[in-house]
Amino acid sequence: MQYLRKPPLLLALLSWRLFQGGLAFAPGASTKRCQRQPLKLQFDDFSDLDLVGNSDVNGNVMPADGAGPNVCNNSNDFVELQSTFQRGSTSYSASVSSSLLQKLKSSGFQNDNDVVSFAMDFVSRPEVISQILMQDFQWNAIDAHRARVGITNLVKDRLQTKNVDDGTLLQRNEMLSNIYRHVPQSSDVVEDNQSADEKSHEQEQVAQPKPKLAPWKSVLVNDKAKLRRTVKDRKKLSSVDDKTSPADSDKDSYNYGLIDNHADRAAYHTLFLELDNLWSFMTVHQAASVAEPPIRERTAEVYMRHARLFLGWVVDARENVMDMNILNELDDEKDAVELPTPTKSSSPLTASTSKASAIREAIDVRKAMWKRLKQRIGKDATAADMKRNLSLTDIFLDQNTESAKCIVQYILWMRSERSISSNYEANILRGLIKIVKFRFAGEVNSSTNKLQSATSKTPLDDIPVVIELRKFHRDAGNRSKKAPRSSDEGKKWLDWSEYLEVIELLKADLGGMIDKYETEANEQSANQVDNGVKPRKSLEVQQKEIATTFQHYLILSFFACVPDRQRTFRELQLDKNFMRIDGESNGEDTWVIRHSADDYKTGATYGERPPLPLLPSLTPAIDDFIERWRPCLLRNSDDSPPSSFLFHQPKTGNPLSANSMYQIVSRCCYKYKEKKTNPHLLRDMIVTHVRKNSDASEKELEALALYMGHSVQMQRDSYDRRTLEQKVMPAVSLMQSINSVDKPQ
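Definitions and cut-offs
- Residues numbered from 1 in each chain as written.
- Predicted model: local features only at pLDDT ≥ 70, side-chain atom pairs only at ≥ 80, totals over all residues.
- Heavy atoms only, no water.
- Helix = DSSP H or I, 4+ residues; strand = E, 2+ residues; numbered from the N terminus.
- Buried < 20%, exposed > 50% of the residue type's maximum accessible area, 1.4 Å probe, protein only.
- Contact = heavy atoms within 4.5 Å.
- Areas by Shrake-Rupley, 256 points an atom, 1.4 Å probe, with all protein chains shown as cover.
- Axes fitted to C-alpha atoms, helices over the stretch in contact; angles between N-to-C directions.
- Parallel < 35°, antiparallel > 145°, perpendicular 65-115°, else oblique.
- Nonpolar A, V, L, I, M, F, W, Y, C, P; charged D, E, K, R; others polar.
- Polar contact = N/O pair within 3.5 Å; in protein donor to acceptor, adjacent residues only side chain to side chain.
- Arc of directions from axis to C-beta.
- Pairing = 2+ DSSP bridges.
- Core = buried A, V, L, I, M, F, W, Y, C linked by side-chain atoms within 4.5 Å.
- Phe/Tyr/Trp six-rings, centres within 6.5 Å; stacked < 30°, edge-to-face > 60°.
- Lys NZ or Arg CZ within 6 Å of the ring centre and 35° of its normal.
- Salt bridge = Lys/Arg side-chain N within 4 Å of Asp/Glu carboxyl O.
- Left-handed = near helix turned anticlockwise from the far one by under 90°.
- pLDDT = per-residue confidence, 0-100.
- Patch = residues over 30% accessible without salt bridge, like charges linked within 9 Å, V, L, I, M, F, W, Y side chains within 5 Å.

Asker: Could you give an account of the overall build of the protein, with specific residues and numbers?
Answerer: For the protein, the count of helices and strands is 29 helices and three strands. A total of 745 residues make up the protein; the buried ones form 42% of that total. Residue pairs in contact within the protein that sit at least 24 positions apart in sequence constitute 72% of those at least 6 positions apart. Total accessible area on the protein stands at roughly 40600 Å², and carbon and sulfur atoms take up 50% of it.

What follows is the structure in structure tokens.
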């Protein structure tokens, strides 16, 4: 396992080596077990010990100049907390404990009782303690999380009225003495006569547990997500007070669309038949003259989701959009409802309309739709009959611009109630334009008086309602280019060198897991031979955990080699689009990704892609994963053939989903760097890094764009995240060099 035994690199030594072996694998490394090498301490293990002196026999930390026994005199004020820091599962060193106590003293806490009073209300949510220390007292993250662990244990001890045993303090002092005795002063200067195995064993014994981070799900990077979390928590509290279930009280739920299940399919039978035909209209070649080129199924799935949300809003399927039941009120009204005619001077989506007026118009649109349906199927129809027979022809009456009114009202509602961004609005309109084209495809096909304009791809583009919706779509697209981002980029963004360090740290953890497993497996094998003991089940659990972590490591490494869309890696299949190439020319075996035009998003534009090779130094790790660890993730079923997918979900054995890929990348980056980076943001990170930190030529930038499957214009407009100051800096330097004139002697 030589390729996993290299210790993690420091941040100062990391650099972007995308095509030059930047993932620090030893080329040509064997996958066989090699001689154990000494594990070096990570840079955060005992970094604070260099700032203080030695410890005396009682465990007190001596200053470097020998001035006294303690770094700070906090022990008299925080006796219980100091003991909590240095015992049990916490077991901080004396210097760490002293530093934490000094920070608490500087922050205004006087003694143990003061700390307990502060933290008593947060025992059930301990992450709040570390957040308060960071936000209100400007603590760094590591110290805040360390203090939170000890403070929480102290509060629990107080609640359970347990006293600390005096023997624990003595054991702690003995443990600290052993720790300080084994800490290396300088691995480059001090000579050590111990063997590699002995040093590795001792360093594993003294490794401190990592501070616990705030839960991954508790960190929200989007203002909309914060709003949804606030509403959800408020509804839960309300349901507790009213002794009702959250589902019953949550009338502001974000789930307002149609659901593709048996209940909704039975209730809205005709609409779901039309949605099924819409899928074929979008994804299958049509023989009609008005047919459009088919789109990819992944894109069609997004459009179908928008269609179900829109139709669910129109019919108020979940009964959480409107405050009134329109179907029950139709019988009480005798006069027909006339739709308000919009003026030509202003667009409904750009005019300033009051919220009350928008709600009134949305109600009028719905009433007109249901009345048209009632006239079509009969006045004696029940509400259930009307829902079952509702069709797109009732929602979009004709091809005139007036038929866009229901979509306009839906967008206005999304703006006011959901605060959608301009970019999301443009995505919605793209999907709804498809459903409108599908609605009128048969009518345009049978008409003979439609003249196709020079700029139209098909006659469907010349339908007035489509023209109107495309205007709204262009307006939303233009606004999205200037609108600020809705998420907090500081909670997601990593420099490329930081991302490479995440990979190195993940690789180091993986190596430790494999070392532990192999040691226990060898011991267990020896016991089984000598005593006939059956293998423990824990080894099987370890195998699956190693396979899962190994999979995470390879996925993050693949993103570094080929910064492509996440679909590329979750759809990798052995001997289909992921193949091993023997190094006949350069002597290095390489795994290569191959894509036809149908295998990636922009294939219709760029066609078959050139081979996408991974680093040759990754080959031993990929070989070992496929041969030794990947089988632990496969389903044990004799009925189905073995899966050809490279990566699988650990619990089900199914291929990875888009959400699986998101969680793998985001959770790994958060674990090591406390940033919730997502897979697609990695593409922005590498483009920004290349344009910011390298002197790449236009030819190289064009090659990178082609390698990533997009245009140079897209690279410049969408993926380059440099600030305006950073973009104009070369021009500033150029002008300074032009205008700099040497003074005459």
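Let's pick the thread back up.
Asker: Tell me about the packing of helix α26 (residues 679-693) against helix α27 (residues 698-708), and name the residues and values.
Answerer: Axis separation between α26 and α27 bottoms out at 12 Å; the angle between their running directions is 170°. With respect to their mutual orientation, α26 and α27 come out roughly antiparallel. Contacts between α26 and α27 involve R683, I686, V687, V690 and R691 on the former and, on the latter, L701, L704 and M708. Of the residues assigned to the contact of α26 with α27, the class counts are six nonpolar, no polar and two charged.

Asker: Which residues make up the side chain of Q399, and what values go with them?
Answerer: Relative to the assigned elements, Q399 resides in the loop between α16 (392-395) and α17 (405-418). Within the structure, Q399 has its side chain in polar contact with the side chain of E443 (distance 3.3 Å).

Asker: Requested: an account of α27, with residues and values cited.
Answerer: Along α27, the residues classified as buried are L701, L704, A705, Y707 and M708. Take α27 and look down its axis: the buried residues cluster within an arc of 160°, on one side only. Exposed positions of α27 whose direction lies more than 90 degrees from the buried face are E698 and K699. G709 sits one or two positions beyond α27 and adopts a positive phi of about 80°.

Asker: Break down unusual backbone geometry for me, with residues and values.
Answerer: Apart from glycine, the bulk of residues carry a negative phi angle, and the bulk of peptide bonds sit in the trans form. Although it is not a glycine, S419 sits at a positive phi angle of roughly 50°. If you trace the backbone, S419 turns up in the loop between α17 and α18 (422-446). Note on S419: relative accessible area 35%, which makes it partly exposed. A positive phi angle, near 60°, is found at E674, a position not held by glycine. For E674, the location among the structural elements is in the loop between α25 (658-673) and α26. Under the relative-accessibility criterion, E674 is labelled partly exposed at 30%.

Asker: Hey, could you go over the environment of S280 for me, with residue numbers and the actual values?
Answerer: If you trace the backbone, S280 turns up in helix α11 (residues 269-283). Along the chain, S280 and A300 lie 20 residues apart, while their C-alpha atoms are 9.6 Å from each other.

Asker: Outline the sheet that holds strand β3 (residues 612-613), listing residues and values.
Answerer: Judged by pairing direction, the sheet is antiparallel, and its three strands sit side by side in the order β1-β2-β3 without closing on themselves. The open sheet terminates on both sides in strands that have one partner only, identified here as β1 (578-581) and β3. Bridging between strand β2 (residues 590-593) and β3 involves two bridges; their strand directions are antiparallel. The partner of I593 across the bridge, within β3, is L612. Sheet contacts for helix α24 (residues 619-629): β1 and β2; angle to β2, the most-contacted strand, approximately 80°.

Asker: With reference to specific residues and values, describe helix α4 (residues 127-137).
Answerer: Of the residues making up α4, those classed as buried are E127, V128, I129, S130, I132 and L133. For α4, the elements touching its buried residues are α3 (112-119) and α5 (141-160). Of the residues one or two after α4, Q138 is the one with positive phi, at around 60°.

Asker: Go over the nonpolar core, please, and point to the residues and values.
Answerer: Among the nonpolar cores identified, the biggest contains 62 residues, and F310, I395, F396, I407 and Y410 are the most heavily contacted of them. Of all elements in the fold, only α11, α12 (297-315), α14 (355-377), α16, α17, α18 and α19 (464-482) reach the threshold of two or more residues within this core. Apart from residues no more than four positions distant in its own chain, F310 is found in contact with I395, F396, C406, I407, Y410 and L432.

Asker: Before we move on, can you summarise the environment of R265 with the specific residues and values?
Answerer: One can find R265 in helix α10 (residues 262-267). In this structure, the C-alpha to C-alpha distance between R265 and R388, residues 123 residues apart in sequence, is 8.8 Å. Ignoring sequence-local partners within four residues, the contact set of R265 consists of D260, F272 and D276.

Asker: Tell me about the packing of aromatic side chains, and please be specific about residues and values.
Answerer: Under the defined criterion, the tally for this structure stands at 19 aromatic pairs. The interplanar angle of 45° and the centroid separation of 6.1 Å between the aromatic rings of F625 and F647 together place this pair among those described as tilted. Here F647 lies in the loop between α24 and α25 and F625 lies in helix α24, a separation of 22 residues in the sequence. Comparing F625 with F647, the two get one shared label, buried. The ring of W139 carries the charged tip of K103 above its face, separated from the ring centre by 5.5 Å. Above the face of the Y600 ring, R609 is positioned so that its terminal group lies 4.7 Å from the ring centre.

Asker: Could you give me a rundown of the pattern of salt bridges, with the residues and numbers involved?
Answerer: Per the stated rule, a full pass over the model turns up 27 salt bridges. It is possible to trace a salt-bridge network through shared partners that takes in E292, K434, K437, D461 and R470.

Asker: If you had to explain the packing of helix α21 (residues 538-561) against α24 to someone new, which residues and values would you point to?
Answerer: Between α21 and α24, the shortest axis-to-axis distance is 11 Å and the interhelical angle comes to 150°. Here α24 runs roughly antiparallel to α21, going by the angle between their axes. Crossing geometry of α21 relative to α24 is assigned as left-handed. On the side of α21, the interface is formed by Q543, I546, A547, F550, Q551, L554 and F558, while α24 contributes A621, I622, D624, F625 and W629. The residue makeup of the contact of α21 with α24, split by class, is nine nonpolar, two polar and one charged.

Asker: Can you explain the pairing of β2? Please cite residues and give values.
Answerer: Burial along β2 is two-sided: T590 and V592 facing one way and W591 and I593 facing the other are all buried. As defined by bridge partners, β1 adjoins β2 across four bridges and the pair is classed as antiparallel. Its bridge partner being in β2, M579 is matched across the sheet by V592.

Asker: Give a detailed account of the side chain of N577, specifying residues and quantitative values.
Answerer: Mapping N577 onto the fold places it in the loop between α22 (566-570) and β1. Residue class for N577 comes out buried when judged on its relative accessible area of 9%. Here the side chain of N577 touches E571 through a polar contact of 3.1 Å, landing on its backbone oxygen. Looking at N577, its side chain comes within polar contact range of the main-chain nitrogen of Q573, at 2.7 Å.

Asker: Account for the confidence of the model for the protein, naming residues and giving values.
Answerer: Confidence along the protein averages 74 in pLDDT terms, with 67% of residues attaining 70 or more. In the model of the protein, helix α6 (residues 166-182) stands out as the element of lowest mean pLDDT, 36, in contrast to α24, which has the highest, 95. This model gives residues 5-75 a pLDDT under 50, and the stretch forms 159 contacts once residues within four places in sequence are excluded.

Asker: Tell me about the environment of A483, residues and numbers included.
Answerer: With respect to the helices, strands and loops of the structure, A483 is situated in the loop between α19 and α20 (496-531). Separated by 60 residues in the primary sequence, A483 and N423 have C-alpha atoms spaced 8.7 Å apart.

Asker: Just give me the short version of a nonpolar patch on the surface, but keep the residues and values in it.
Answerer: The grouping of V728, M729 and V732 at the surface amounts to a nonpolar patch, some 240 Å² of accessible area in total. Here M729 lies in helix α29 (residues 724-739).

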